[in-house]
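Geometric and topological summary
Now for the letters of each chain:
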Amino acid sequence: MVIISGKDISKTYGTDIIFEDVCFGVEKGDRVGIVGANGTGKSTLLGIIAGDIEASSGDLYIRNGFNIGYLRQQNHFEGSGTVLEEAEKSFTYLAEMERKLERLQLAISDHESSSFDRDLEEYTRLMEEYEHKGGFTYKSELGAMLTHMGFDEEARQKKIGQLSGGERTRLALSCMLLSKPDVLMLDEPTNHLDLHMLEWLETYLDGYKGTLMVVSHDRYFLDRITNRIFDLGSGTLEAYTGNYSEFLVKREERLEAMRREYEKQQAEIARQEDMIRRFRQHGTEHLAKRAASREKRLAMIELKEKPKIRNDKMKLSFEAEYKSGGEVLEAEDLSKSYGSRKLFDHAGLMIRKGERVCIIGDNGIGKTTLLRILMGLEKPDDGYLRIGYNVDFGYYDQGQLLLDENETVLGEMKNAYHLYTDTEMRSLLGRFLFTGDDVFKHVRDLSGGEKAKLSLLKLMLSGANTLILDEPTNHLDIESKEIVEEALLEFSGTLLIVSHDRYLLNTIPDRILELTEHGLVEYKGKFDYYLEKTGRLKTQDEEADQKPAGRAGRSEAEELELTRKLVKDSEAERQAKKQNEAEQRRKQRRAESVEQRIHEIEAEIADIQDLMMLPENASDVSWMQENSSKMASLEEEVTALYDEWMELQ
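Throughout, residues of each chain are indexed from 1 in the direction in which the sequence is written. A pLDDT threshold of at least 70 governs which residues receive local features in this predicted model, and a stricter bar of 80 or more applies before side-chain atom pairs are shown or counted, although totals over entire chains, interfaces and linings include all residues. The basis for the side-chain values is all heavy atoms of the structure; hydrogens and waters are excluded.

**Quick notes on the sheet that holds strand β4 (residues 57-62)**
Selection criterion: Paired strands, in this sense, are two strands between which DSSP finds at least two bridges. Note on conventions: DSSP H or I runs of at least 4 residues are helices, E runs of at least 2 residues are strands, and numbering of each starts at the N terminus. Axis lines are fitted to C-alpha atoms, over the contacting stretch for helices. Their N-to-C directions set the angle, which ranges from 0 to 180 degrees.
The strand order β2-β1-β4 describes an open sheet built from three strands, whose pairing is antiparallel. Strands at the two margins of the open sheet, each flanked by one partner only, are β2 (16-27) and β4. Pairs of neighbouring strands in the sheet enclose a mean axial angle of 15 degrees, with direction left out of account.

Right, here's the structure in full:
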């Protein structure tokens, strides 16, 4: 059952076309992932469906009776209450029922009341409804949700105005999930979630019974929770079945098929144009009509679009200007607290030249603080730190706080690397997709993805031999993430990365360090090894057990009968297909034979025409009559062959 559909939906801002004439349908129970490069209109499409944004043209249909919950990237809360008060608004209807139940309970306590029977009946009905809607469990459900989203008892009393951007996103996600809408629309829900939160969210969504539409650049997340993919790009939308990994294969197959079809059509057009030219060469009225008819049909062909190959990819590479010593970093018993709040203690590590190390840990545990301590930007409360010989740090901060918000893109780069000319710097910015007037944008006006690319360019030019990266793939689209990962893999220096990007964690590190309150725990492998060692890696059987059964409700006999019918239908289709293919092969062989004979006759006619031009033959009346008759016979034969060839086509 289709519950959301769009027909010829377009969105433009002035002369900028975001997307044009996109069509899609979402069925009840679908789990749709929306992907595409930054700026292709993923959030805009969700906004149109949610009613936040008006489409420039097109028709949108949403089936009556289905309520939509929409998690925006930027979440605004009305009022100035606490986290707990905001979350409790998701259950306002239950709180109202509780008040009604209290009033009815008070009323029926008076047994002599004239409305006793009516009040008792209403109380019983309302109590059943209250229980059915989770009235006895919602408070524990609310508490568990807030705990999973990183809000402990103390954090639940924080005022909304005191929350960080990440905390606001997690609170908005909590409220959305608690409200249990029929359709969940989530825009980058994995931003600001640590690994434990991500794992919990995926488990929660596995059990979610409604319809899901999600914009995400988290490839691991998309693989786990989607069964359809909407690919937005070049102003169009293409729908695929399967999760993200399946989509990548199917998109490649589709583009390859489109390329073959395009080349096949171009070859056929060239062939038909050659035939039209040859029809006209014969000069007969019959073939001239054939040529004109063929030209009309050729003009009516719907030309296939040549598959577009995107060349606008960020070009990133890291090179160290000089090598560091063998031991890059050594730390023992590092600890850090802010007032009474302890982040971690007894943290120790040793990093050697060329190692690729990733740090993971819960939100708020102090991962960013630890990086800053290791670079000497902050002092630990206790502990020992030694930086090795010739170590040159390059730092990528996840908040892009090292960028000057008041500078232009070009000015920011020139301030950092003033020896480059404007032309050289604009060329480098072009590698990161800052073209034309983009270089004159102010940093404050850039999107999160654009700021990330600007920071990566500054890091690339630094020539550092030890890169310290704090969430380097945040805000980047999937294609840019893969480019970053490839550049990091090719870097010959040392890497220390904080990340919750599970694809990166399964690609980059030689080892993973998990930061806890009591120090760093080492896992000598990638993310799957970490999951295995911590007992959180699910087997294929466990994954299969979580998938909903596709044939629920059928008996064994019904399944057997259905299987027999499918086999019978399949055999009939196979035979029909076999006969059709045999007939097509026969026609193809005959067409090739006819075409070969046409070439032979046309060559023979051309030879006769050449001989007729010779003076000795032109004066031989008998010879000319004989060969003119022969050429007329050949023209008649070739005309008939062309008719047969056309029918075979």
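**Some words on the side chain of glutamate 471**
The line we're drawing: Three labels apply to residues, based on accessible area from a 1.4 Å probe with only protein chains included: buried if under 20% of the type maximum, exposed if over 50%, partly exposed otherwise in between. Counted as positive: Lys and Arg. Counted as negative: Asp and Glu, with His and the chain ends omitted from the count. We define a salt bridge as a side-chain nitrogen of Lys or Arg found within 4 Å of a carboxyl oxygen belonging to Asp or Glu. The criterion used for residue contact is that any of the two residues' heavy atoms lie within 4.5 Å.
The topology assignment puts glutamate 471 in the loop between β15 (466-470) and α15 (478-490). We note that glutamate 471 is buried and unpaired, the nearest opposite charge coming from lysine 367 at a distance of 5.8 Å. Look past the residues within four positions of glutamate 471 in its chain and what remains in contact with it is Tyr396, Gln398, Val498, Ser499 and His500.

**Topic: the pattern of salt bridges**
Overall, the coordinates contain 36 salt bridges when judged by the stated rule. Put simply, arginine 251 and aspartate 231 hold a salt bridge, and the shortest N to O gap is 3.7 Å. With arginine 251 in helix α9 (residues 244-282) and aspartate 231 in strand β8 (residues 228-233), this residue pair connects regions lying 20 residues apart in the sequence. According to the relative accessible area criterion, arginine 251 is partly exposed, its value standing at 29%.

**A few points about the sheet that holds β8**
Read from one edge of the open sheet, six strands run β5-β6-β7-β3-β8-β9, paired in mixed fashion. Edge positions in the open sheet fall to β5 (68-71) and β9 (236-241), since each of these has one partner strand only. Shown here is a sheet whose adjacent strand axes are inclined to one another by a mean of 15 degrees, direction ignored. Where strand β3 (residues 31-35) and strand β7 (residues 211-215) come together, four bridges link them in parallel fashion. The residue of β7 that forms the bridge with glycine 33 is valine 214. Against the sheet, helix α6 (residues 165-179) contacts β5 and β6 (183-187), and its axis sits at roughly 170 degrees relative to β5.

**Notes on the confidence of the model for the protein**
In low-pLDDT regions, the fine details of the predicted coordinates are not to be read closely. Here is the rule: Values of pLDDT, ranging from 0 to 100, describe the predictor's confidence in every residue of the model.
With 93% of its residues at a pLDDT of 70 or more, the protein has an overall mean of 85. Note that residues 544-553 has pLDDT below 50 and, in this model, six contacts with residues that lie over four places away or in other chains.

**Let's talk about a negative patch on the surface**
Operational definition: Patch building starts from residues that exceed 30% relative accessible area and form no salt bridge, then joins like charges within 9 Å and nonpolar side chains (Val, Leu, Ile, Met, Phe, Trp, Tyr) within 5 Å. Each accessible area is a Shrake-Rupley estimate made with a 1.4 Å probe; only the visible protein chains count as cover when residues are assessed. Where a charge sits is defined by one atom per residue type, namely NZ (Lys), CZ (Arg), CG (Asp) or CD (Glu).
Together, Asp8, Glu20, Asp21 and Asp59 give the surface a local cluster of negative charge. Position of aspartate 8 among the secondary structure elements: in strand β1 (residues 2-13).

**A word on the packing of helix α5 (residues 138-148) against α6**
Rule in force here: In this scheme the handedness of a crossing depends on how the near helix is turned from the far one: anticlockwise by less than a right angle means left-handed, clockwise means right-handed. Each residue gets one of three labels, nonpolar for Ala, Val, Leu, Ile, Met, Phe, Trp, Tyr, Cys and Pro, charged for Asp, Glu, Lys and Arg, and polar for the others, Gly among them.
Closest axis-to-axis distance for the α5/α6 pair is 10 Å, and the angle between their directions is 150 degrees. Judged by the sense of rotation from one axis to the other, the crossing of α5 with α6 is right-handed. Contact with α5, carried on its side by Glu141, Leu142, Met145 and Leu146, involves Leu171, Ser174, Leu177 and Leu178 of α6 and no other residues of that element. Classifying every residue of the contact of α5 with α6 by side-chain character gives six nonpolar, one polar and one charged.

**Re unusual backbone geometry**
Of note, the phi angle at aspartate 21 is positive, near 55 degrees, even though the residue is not glycine. You can see aspartate 21 is positioned in strand β2. Despite not being glycine, asparagine 390 has its phi angle at roughly 65 degrees, a positive value. Looking at the secondary structure, you find asparagine 390 in the loop between β13 (382-387) and β14 (393-396).

**A look at the packing of aromatic side chains**
Definition in use: Any Phe, Tyr or Trp ring, taking Trp's six-membered ring, that has another such ring centre within 6.5 Å forms a pair; planes under 30 degrees apart are called stacked, those over 60 apart edge-to-face, and the others tilted.
What the rule picks out here adds up to 11 aromatic pairs. Grouping aromatic residues by their ring pairs yields a cluster made of Tyr220, Tyr503, Tyr523, Phe527 and Tyr530.

**Notes on the pairing of strand β17 (residues 511-516)**
Burial within β17 is extensive, with five of its six residues counted as buried. Pairing analysis gives four bridges linking strand β12 (residues 356-360) to β17, with the strands arranged parallel. Considered in β17, the bridge of isoleucine 359 is made with leucine 513. Connecting β17 to the antiparallel partner strand β18 (residues 519-523) that follows it, the hairpin turn spans two residues.

**Side note on the nonpolar core**
Under the convention used in this document: Nonpolar cores are built from buried Ala, Val, Leu, Ile, Met, Phe, Trp, Tyr and Cys residues. Side-chain atoms within 4.5 Å join them into one set.
Counting 97 residues, the largest nonpolar core has Leu205, Phe318 and Leu429 as the members making the most contacts within it. Sequence-distant contacts of leucine 429, that is, excluding residues within four places in its chain, are made with Val409, Leu410, Met413, Phe434, Val439, Leu454 and Leu457. If you look at the next biggest cluster of nonpolar residues, it comprises 25 residues, including Phe344, Val357, Leu371 and Leu513.

**Observations concerning the pairing of strand β10 (residues 327-338)**
Here eight bridges tie β10 to strand β11 (residues 341-352), and the two strands are oriented antiparallel to one another. Residue pairing in the sheet places leucine 334 in a bridge with alanine 347 of β11. In textbook terms, the turn of a hairpin is the stretch between consecutive antiparallel strands, and for β10 and β11 this stretch comprises two residues, one of which, glycine 339, has a positive phi near 65 degrees. Across five bridges, the pairing between β10 and β13 is antiparallel. Along β13, the bridge assignment pairs alanine 331 with leucine 385.

**A few points about α6**
What counts is decided by this rule: A helix is expected to reach a length of 1.5 Å times the quantity of its residues less one.
Look at α6: 21 Å from first C-alpha to last across 15 residues, which is about the 21 Å you get at 1.5 Å a residue. On the buried face of α6, the contacting elements are β5, α2 (83-88), α5, β6 and α7 (195-206). After α6 finishes, the residue lysine 180 shows a positive phi value of roughly 50 degrees.

**Structural notes on the packing of helix α3 (residues 92-108) against helix α4 (residues 116-132)**
The line we're drawing: An angle below 35 degrees is read as roughly parallel, one above 145 as roughly antiparallel, one from 65 to 115 as roughly perpendicular, and any other as oblique.
One way to put it is that α3 packs onto α4 with a least axis distance of 9 Å and a crossing angle of 150 degrees. One element, α3, and the other, α4, form an angle in the roughly antiparallel class. At the point where α3 passes α4, the crossing takes the left-handed sense. Two secondary-structure elements touch here, α3 through Leu94, Met97, Glu98, Lys100, Leu101, Leu104, Gln105, Ala107 and Ile108 and α4 through Phe116, Asp119, Leu120, Glu122, Tyr123, Leu126, Met127, Glu129 and Tyr130. Residues of the contact of α3 with α4, tallied by class, amount to 12 nonpolar, one polar and five charged.

**Re the environment of glutamine 625**
Of note, glutamine 625 is situated in helix α21 (residues 621-648). Through-space distance from the C-alpha of glutamine 625 to that of glutamine 266 is 43 Å; in sequence the pair is 359 residues apart.

**Examining the side chain of glutamine 265**
Worth spelling out the cut-off: Throughout this description, a polar contact denotes any pair of N or O atoms lying within 3.5 Å of each other; where both atoms belong to protein, one of them has to be capable of donating a hydrogen while the other can accept it, and for residues adjacent in sequence the pair is counted only when both atoms sit in side chains.
With respect to the helices and strands, the residue glutamine 265 is situated in helix α9. Note on glutamine 265: relative accessible area 12%, which makes it buried. Reaching out from glutamine 265, the side chain makes a polar contact with the backbone nitrogen of lysine 304 at a distance of 2.8 Å. If near-sequence neighbours (up to four positions away) are discounted, glutamine 265 is found in contact with Ile301, Glu302, Leu303 and Lys304.

**Observations regarding helix α10 (residues 285-299)**
Applied cut-off: Our arc is simply the arc of the directions from the helix axis toward the C-beta atoms.
Taking 1.5 Å per residue, 15 residues should reach 21 Å; α10 reaches 21 Å between its end C-alpha atoms and fits that length. Buried within α10 we find Leu287, Ala291, Arg294 and Leu298. The arc that holds every buried residue of α10, seen down its axis, measures 70 degrees, which confines them to one face. Facing away from the buried side of α10 by more than 90 degrees, the exposed set consists of Glu285, Lys289, Lys296 and Ala299.

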